[in-house]
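# Overview (structure and organization)
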Amino acid sequence: MVGQIERIRVFIEVASARSFAAAARQLNISRSVATRHVGDLEADLGVQLLVRTTRSVSLTLAGENYLERVLAITRDLDRTNESAREQQNSLTGTLRVSAPLSLGLRFLPDVIAQFTMMHPGIALKLDLSDRFIDILSEDYDMALRVSGPPGDKSTIWRKICLVPRVLVATPVYLERKGMPLEPAQLLDHDCLGYSHFSGGNELQLENSRSGISRTVRAHHPFLCNNGEMMTEMALRDCGIALLPMFIVAKHLAGGALQTVLDDWSAPPIWLTAYYPPYDILPAKVQTLTDYIEGAVSDRKDAFTLQ
């Protein structure tokens, strides 16, 4: 269905060429279509804009006034459209990003520092929160999540990499409480729970050698909605925690923490980039995503690329 803007553009072309035939050729439409569009515009306005004769087309006084005004409007519209296209393809303006707190503290500083240095025209606004934001109703250009498989059908997303998780505790805690040898023995231990975990106090584990799966109940004397706090509690000999490798990698390397039930692993979670339903990713969003993927590939100790 042709809108008023399209009809106005046909009118402008006819008025400039003083000919329906010449305007139709310029617009690559038929003369009859050009005539109909201008006629429909006049009918909508209730005003005659053009005087038609067998030899020429001329403007009425109302047509001259209307032409002057719509020329200004269409020029502004064209400039606005061009600005929007340039913004889509430019590395300028504000980029609003949501990310989990632990990812922001442990992984993003180097990425953000390099990104902002290379693209000074972008003002990066980073919101660190473990809350799953609603990217459709909140003012974000993209979001990073460390979670299970995406279930949001109304957004677009890109899986960046697997995020390995490990059960960890301090040597002091394990000496005091004993090293669990089977998943069922977790019930006899203090487990530090993640309060956003949908499974409650049940934990699914799979044996990497046999492929056997177990669902075990865990005793949670402490629950928290943030991996950093869970790590700090584990470091203080408070119990066993299931945590992403990128949070605990340095503590494992330094011996402050050690892994538990090495042959058993929890279901994989992903580092995923979420976006509003763009038709095409804006250049600044695509560029930051590329930086993150590049940084992940340099951190094979903490991430697994897939």
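First, a word on what this report is: a plain description of the structure on this page. (Residues numbered from 1 in each chain as written. Predicted model: local features only at pLDDT ≥ 70, side-chain atom pairs only at ≥ 80, totals over all residues. Heavy atoms only, no water.)

Turning to the overall build of the protein chain, a few remarks are in order. Check the secondary structure of the protein chain and you find ten helices and 16 strands. If you line up the protein chain on its principal axes, its C-alpha atoms span 100 × 40 × 30 Å. Partitioning the contacts of the protein chain with sequence separation of at least 6, the portion at a separation of at least 24 is 75%. Carbon and sulfur atoms form 52% of the exposed surface of the protein chain, whose accessible area is close to 16500 Å². Each charge sign in the protein chain was given a centre, from 31 positive and 35 negative side chains, and these centres are 7 Å apart. (Helix = DSSP H or I, 4+ residues; strand = E, 2+ residues; numbered from the N terminus. Contact = heavy atoms within 4.5 Å. Areas by Shrake-Rupley, 256 points an atom, 1.4 Å probe, with all protein chains shown as cover. Lys, Arg positive; Asp, Glu negative; His and termini not counted. Charge placed at Lys NZ, Arg CZ, Asp CG, Glu CD.)

The full count for this structure, using the stated rule, is nine salt bridges. Put simply, R131 and E138 hold a salt bridge, and the shortest N to O gap is 3.0 Å. Given a relative accessible area of 43%, R131 falls into the partly exposed group. The class of E138 is partly exposed, set by a relative accessible area of 25%. (Salt bridge = Lys/Arg side-chain N within 4 Å of Asp/Glu carboxyl O. Buried < 20%, exposed > 50% of the residue type's maximum accessible area, 1.4 Å probe, protein only.)

On to the environment of V248. With respect to the element layout, V248 can be found in helix α9 (residues 245-254). Look at V248 and you get buried, because its relative accessible area is 0%. For the pair V248 and Q258, spaced ten residues apart in sequence, the C-alpha separation works out to 9.5 Å. When residues no more than four places from it in sequence are discounted, the contact partners of V248 are V166, V168, T231, L243 and L257.

Think of a sheet as strands paired side by side through backbone hydrogen bonds, with each pair either parallel or antiparallel. Pairing is mixed in the open sheet, where five strands are placed in the order β11-β8-β12-β7-β13. Both outer strands of the open sheet, β11 (219-224) and β13 (258-260), are each paired with one neighbouring strand and no more. Taking each pair of neighbouring strands and ignoring which way they run, the sheet shows an average axis angle of 45°. When strand β7 (residues 165-169) meets strand β12 (residues 240-244), the two strands line up antiparallel, connected through four bridges. Directly across from R165, in β12, lies its bridge partner P244. (Pairing = 2+ DSSP bridges. Axes fitted to C-alpha atoms, helices over the stretch in contact; angles between N-to-C directions.)

Below, the discussion takes up the packing of helix α1 (residues 4-17) against helix α3 (residues 31-45). The geometry of α1 relative to α3 is characterised by a closest axis approach of 9 Å and an angle of 115° between their N-to-C directions. Between α1 and α3, the angle falls in the class roughly perpendicular. Handedness of the crossing formed by α1 with α3: left-handed. Of the residues in α3, those touching α1 at Q4, R7, I8, V10, F11 and V14 are A34, H37, V38, D40, L41, D44 and L45. Looking at the contact of α1 with α3, its residues break down into eight nonpolar, two polar and three charged. (Parallel < 35°, antiparallel > 145°, perpendicular 65-115°, else oblique. Left-handed = near helix turned anticlockwise from the far one by under 90°. Nonpolar A, V, L, I, M, F, W, Y, C, P; charged D, E, K, R; others polar.)

What follows deals with the sheet that holds strand β10 (residues 213-217). Spatial ordering of the open sheet is given by β10-β9-β14, a layout of three strands whose pairing is antiparallel. Every other strand in the sheet has two partners, leaving β10 and β14 (264-265) as the edge strands with one partner each. Pairing of strand β9 (residues 202-207) with β14, which is carried by two bridges, proceeds in the antiparallel orientation. The partner of E206 across the bridge, within β14, is S265.

Throughout the structure, instances matching the rule amount to two aromatic pairs. Centroid distance F11 to Y66: 5.7 Å. Interplanar angle 55°. Geometry classified as tilted. On the criterion of sequence distance, the pair formed by F11 in helix α1 and Y66 in helix α4 (residues 61-89) is long-range, its members being 55 residues apart. Of the two residues examined, F11 and Y66, each falls in the buried class. For the pair F115 and Y291, a centre-to-centre distance of 5.3 Å together with 90° between the ring planes defines the contact as edge-to-face. On the criterion of sequence distance, the pair formed by F115 in helix α6 (residues 108-118) and Y291 in helix α10 (residues 283-297) is long-range, its members being 176 residues apart. The exposure class of F115 is buried, given its relative accessible area of 0%. Residue classification places Y291 among the buried residues on the basis of a relative accessible area of 18%. (Phe/Tyr/Trp six-rings, centres within 6.5 Å; stacked < 30°, edge-to-face > 60°.)

Moving on, we get to the pairing of β9. Side chains L203, L205 and N207 of β9 all project onto a buried face; the interleaved residues E202, Q204 and E206 project onto a face where none is buried. Judged from the five bridges that link them, β9 and β10 form a sheet pairing that is antiparallel. Paired with L205 across the two strands is R214, which belongs to β10. Once β9 ends, the chain turns through five residues before running back antiparallel as β10, passing G211 with a positive phi of about 80°.

What follows is about the packing of α1 against helix α2 (residues 20-27). If you want to describe how two helices pack, look at the angle between their axes and the distance between the axes. Following both chains from N to C, one finds α1 and α2 inclined at 125°, their axes separated by 8 Å at the closest point. Regarding the angle of α1 to α2, the classification is oblique. Relative to α2, α1 is oriented so that their crossing is right-handed. Here V10, E13, V14 and A17 of α1 lie close against α2, whose contacting residues are F20, A22, A23, Q26 and L27.

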